[in-house]
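# Overview (structure and organization)
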Amino acid sequence: MTTAPPFGRILSALVTPMLPDGSLDREGVQQAARHLADHGHDGIVVNGTTGESPTTSDEEKLELLRLVREAIGPDLRIVAGVGSNDTHHTVELARQAAGSGVVDGLLVVTPYYNKPPVAGLERHFTTVADATDLPVMLYDIPGRSGVPIPTELTLRLAEHPRIAAVKDAKGDLWAATRLMRDTDLLWYSGDDAANLAHLALGAVGIVSVVGHVAGSDYRAMVDAVDAGDLAGAREIHRRLVPAVDAVMNVTQGAIMTKAALVELGVIAHPTVRLPLVEATPDQVEILRSGLRDSGLL
């Protein structure tokens, strides 16, 4: 691509560093954001699930947006996670993010747990998209939400002037291919294990977790795909397998990402809020091994 899309191309869903007492580590937040900016990213998702959004307050969410913008300056995109399973609350979070003046787009996850019907999904997403002037990225992750966004609904939602992108963690590459063919939606891999597959099919970028430790590598992967160098992109993909396994497949991703950033000296504390718990010593050793095997530590 010759121009970057409004959300950027290489994004990670930023963790929310915390002090040992569970309060926000404001210095750590800014250090983590600058770390992403220095390693290949042109966008950052703030208040996503990896940022422990289920356990941060609305006031903290607003403060996090401002802290990140202060840390990274005006050039990188900030995408605010605003989704919940309550449309009214999601609209409130969307308007709060838009009112902050520091946000370039919104990430809106499929409402989780209450399993709305297709008509409810459609009204949820369009109501949120109507609430601000910011572009919206839909987040399709049925493994967490319990409900996929059907292809037919995505086709209709693509007609909304502010629904501009999809973060795809559904694992249905054929559906993704059809939607990339039949709509103008910007497509993002939302699953690090599938980054190369999505990019090879035409995705414009990734919204990563492993990007906290491999951002420069993912930038090189995207550049290789753009250049038609599939062999080079595949080499990066395969080299990162131990890191992806260590961060994503041992325990919950935010837990291991914070442990990894401590190992790299980016943040001081691996603290998470309940119901998450810190990585065990055995898990940290697995993490170290995976990072070393991928050449990241």
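First, a word on what this report is: a plain description of the structure on this page. (Residues numbered from 1 in each chain as written. Predicted model: local features only at pLDDT ≥ 70, side-chain atom pairs only at ≥ 80, totals over all residues. Heavy atoms only, no water.)

### Notes on the pattern of salt bridges
Enumeration over the complete set of coordinates arrives at 15 salt bridges. As a salt-bridge pair, Arg-69 and Asp-104 come within 2.9 Å of each other at their nearest N and O atoms. With Arg-69 in helix α2 (residues 58-72) and Asp-104 in the loop between α3 (87-100) and β4 (105-109), this residue pair connects regions lying 35 residues apart in the sequence. The exposure class assigned to Arg-69 is buried, which follows from its relative accessible area of 14%. Judged by relative accessible area, Asp-104 falls into the partly exposed class, the value being 28%. With its nearest N and O atoms 2.9 Å apart, the salt bridge here joins Lys-170 to Asp-140. Of this pair, Lys-170 sits in the loop between β6 (163-168) and α7 (173-182) while Asp-140 sits in strand β5 (residues 136-140); the two residues are 30 residues apart in sequence, bridging distant segments of the chain. What makes Lys-170 partly exposed here is its relative accessible area of 25%. For Asp-140, a relative accessible area of 4% gives the class buried. (Salt bridge = Lys/Arg side-chain N within 4 Å of Asp/Glu carboxyl O. Helix = DSSP H or I, 4+ residues; strand = E, 2+ residues; numbered from the N terminus. Buried < 20%, exposed > 50% of the residue type's maximum accessible area, 1.4 Å probe, protein only.)

### Quick look at the packing of aromatic side chains
In the structure shown here, the tally under the stated rule is one aromatic pair. Lying across the ring of Tyr-139, Lys-167 places its NZ or CZ 3.8 Å from the centre. (Phe/Tyr/Trp six-rings, centres within 6.5 Å; stacked < 30°, edge-to-face > 60°. Lys NZ or Arg CZ within 6 Å of the ring centre and 35° of its normal.)

### Side note on the environment of Gly-202
If you trace the backbone, Gly-202 turns up in the loop between α8 (195-201) and β8 (205-208). Through-space distance from the C-alpha of Gly-202 to that of Trp-187 is 7.6 Å; in sequence the pair is 15 residues apart.

The analysis is restricted to geometry; functional conclusions fall outside its scope.
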